[in-house]
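Coordinate inspection notes
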Amino acid sequence: GNSVTQMEGPVTLSEEAFLTINCTYTATGYPSLFWYVQYPGEGLQLLLKATKADDKGSNKGFEATYRKETTSFHLEKGSVQVSDSAVYFCALFKETSGSRLTFGEGTQLTVNP
Amino acid sequence: KAGVTQTPRYLIKTRGQQVTLSCSPISGHRSVSWYQQTPGQGLQFLFEYFSETQRNKGNFPGRFSGRQFSNSRSEMNVSTLELGDSALYLCASSLKDEQFFGPGTRLTVL
């Protein structure tokens, strides 16, 4: 079946540091890949997506590239801010699985001033 | 365009009771999915409704059920509540592969 594995957290960084959160997936064919962010007390917000190999999703300074050869979709940001502190979820969507997202475990990011 | 709304935002119930949660999707979205989020199990898919029909179901016991109305609003019901049902229940509406989540309903079972 489909699965998503994220790097173990939590991650603590200083403001303006470089961020990488690793995500790898297992699925047949070409799923769509997503990063969602969850701020305390809120639901999930779509951060970015990529739907085919070598696509790069980007939003608010965050980027992730769909790598079919390594089945990865790592999240990066060049300079994090305190306001980026949240939980980040990698997810995949496969149409043959219906409208079902398969999520990774989530990575808690804390950015200190 | 208004986002996904869920009511109530918080609920406290006791073991053995039942509960109904409501979700109103984004206008024009016909698919509604439900997820359970707990610290131990993470985000787990419950079920999906499309045009009033359950199209997909996760691996949850029959105590968890749902339905969708003709206006795409959806409800989920949990009967005979157990302590382990304490969780954040998230609803998402979708158009194709993008799912948009509501703020969730925090259910506490005592």
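The structure we're discussing is the one just above.
Attention in this report is confined to the structure presented alongside it. Owing to the predicted nature of the structure, the values given are computational and were not obtained by experimental measurement.

1. Thoughts on the overall build of chain B
- Of the regular secondary structure elements, chain B holds zero helices and eleven strands.
- Its helices and strands in sequence order give chain B the pattern β-β-β-β-β-β-β-β-β-β-β, from N to C terminus.
- The C-alpha atoms of chain B give 13 Å as radius of gyration, which agrees with the globular expectation for 110 residues (13 Å, within 12%).
- Seen through its C-alpha atoms, chain B measures out along the principal axes to roughly 35 × 25 × 25 Å.
- The burial tally for chain B puts 50% of its 110 residues in the buried class.
- Sequence-distant contacts in chain B: of pairs separated by 6 or more residues, those separated by 24 or more amount to 52%.
- Here chain B contributes 12 positive and 7 negative side-chain charges, whose respective centroids are spaced 4 Å apart.

2. A closer look at unusual backbone geometry
- Of note, the amide linkage connecting Thr7 of chain B to Pro8 of chain B takes the cis form, showing an omega dihedral of -10 degrees.
- Along the polypeptide, Pro8 of chain B turns up in the loop between β1 (5-7) and β2 (10-13).
- With phi around 55 degrees, Lys60 of chain A is a residue other than glycine that occupies positive phi space.
- When you line up the elements, Lys60 of chain A lands in the loop between β7 (56-59) and β8 (62-65).
- Look at Lys60 of chain A and you get exposed, because its relative accessible area is 53%.
- Positioned with a positive phi, Thr71 of chain A is a non-glycine residue whose angle comes to about 45 degrees.
- Thr71 of chain A gets classed as partly exposed once you look at its relative accessible area, which sits at 28%.

3. Some points on the interface of chain B and chain A
- Each side of the interface is counted separately: chain B has 22 residues, and chain A has 19 residues.
- When chain B packs against chain A, close to 1,500 Å² is buried across both sides, 50% of that on carbon and sulfur atoms.
- On the chain B side of the interface with chain A, the three residues burying the most area are Leu43, Asp97 and Phe101 of chain B, jointly 36% of the side's total.
- Joining chain B to chain A, the criterion identifies one salt bridge.
- The residue Lys49 of chain A makes a salt bridge to Glu98 of chain B at a minimum N-O spacing of 3.1 Å.
- Taken together, the elements giving at least two residues each to the side of chain B that touches chain A come down to β4 (31-38), β5 (42-50), β6 (53-57), β9 (87-95) and β10 (98-101) of chain B.

4. Some words on the sheet that holds strand β9 (residues 75-77) of chain A
Residues and elements named next belong to chain A.
- Ordered by their spatial adjacency, four strands build an open sheet running β3-β9-β8-β7, and the pairing between neighbours is antiparallel. Edge positions in the sheet fall to β3 (19-21) and β7, since each of these pairs with one other strand and no more. Taken over all neighbouring pairs, the strand axes of this sheet differ in orientation by 15 degrees on average, direction set aside.
- Two elements, β8 and β9, share three bridges in a ladder whose sense is antiparallel. Within β9, the position partnered with Glu63 by the bridge is Glu76.

5. Brief notes about the packing of aromatic side chains
- Scanning all chains against the criterion turns up twelve aromatic pairs over all chains.
- When the ring of Tyr25 of chain A is compared with that of Tyr66 of chain A, the centres are 6.1 Å apart and the planes differ by 80 degrees; the resulting orientation is edge-to-face. Highlighted residues: Tyr25 of chain A in strand β4 (residues 23-26) and Tyr66 of chain A in the loop between β8 and β9, separated in sequence by 41 residues. Taken individually, Tyr25 of chain A and Tyr66 of chain A each receive the classification buried, so the pair is uniform in this respect.
- Between the aromatic rings of Phe103 of chain A and Tyr35 of chain B, the centroid separation amounts to 5.6 Å while the plane-to-plane angle is 85 degrees, which identifies the pairing as edge-to-face. Taken as a pair, Phe103 of chain A in strand β11 (residues 101-103) and Tyr35 of chain B in strand β4 lie in two separate chains rather than in one.
- According to the relative accessible area criterion, Phe103 of chain A is buried, its value standing at 9%.
- The structure contains a cluster of three or more aromatic residues connected by ring pairs, namely Phe34, Tyr36, Phe89 and Phe103 of chain A together with Tyr35, Phe45 and Phe101 of chain B.

Reading the values: the criteria
- Residues numbered from 1 in each chain as written.
- Chains lettered and ligands numbered in written order.
- Predicted model: local features only at pLDDT ≥ 70, side-chain atom pairs only at ≥ 80, totals over all residues.
- Heavy atoms only, no water.
- Helix = DSSP H or I, 4+ residues; strand = E, 2+ residues; numbered from the N terminus.
- Rg over C-alpha atoms; globule rule 2.2 N^0.38 Å.
- Buried < 20%, exposed > 50% of the residue type's maximum accessible area, 1.4 Å probe, protein only.
- Contact = heavy atoms within 4.5 Å.
- Lys, Arg positive; Asp, Glu negative; His and termini not counted.
- Charge placed at Lys NZ, Arg CZ, Asp CG, Glu CD.
- Buried area = accessible area lost by both parts, 1.4 Å probe.
- Salt bridge = Lys/Arg side-chain N within 4 Å of Asp/Glu carboxyl O.
- Pairing = 2+ DSSP bridges.
- Axes fitted to C-alpha atoms, helices over the stretch in contact; angles between N-to-C directions.
- Phe/Tyr/Trp six-rings, centres within 6.5 Å; stacked < 30°, edge-to-face > 60°.

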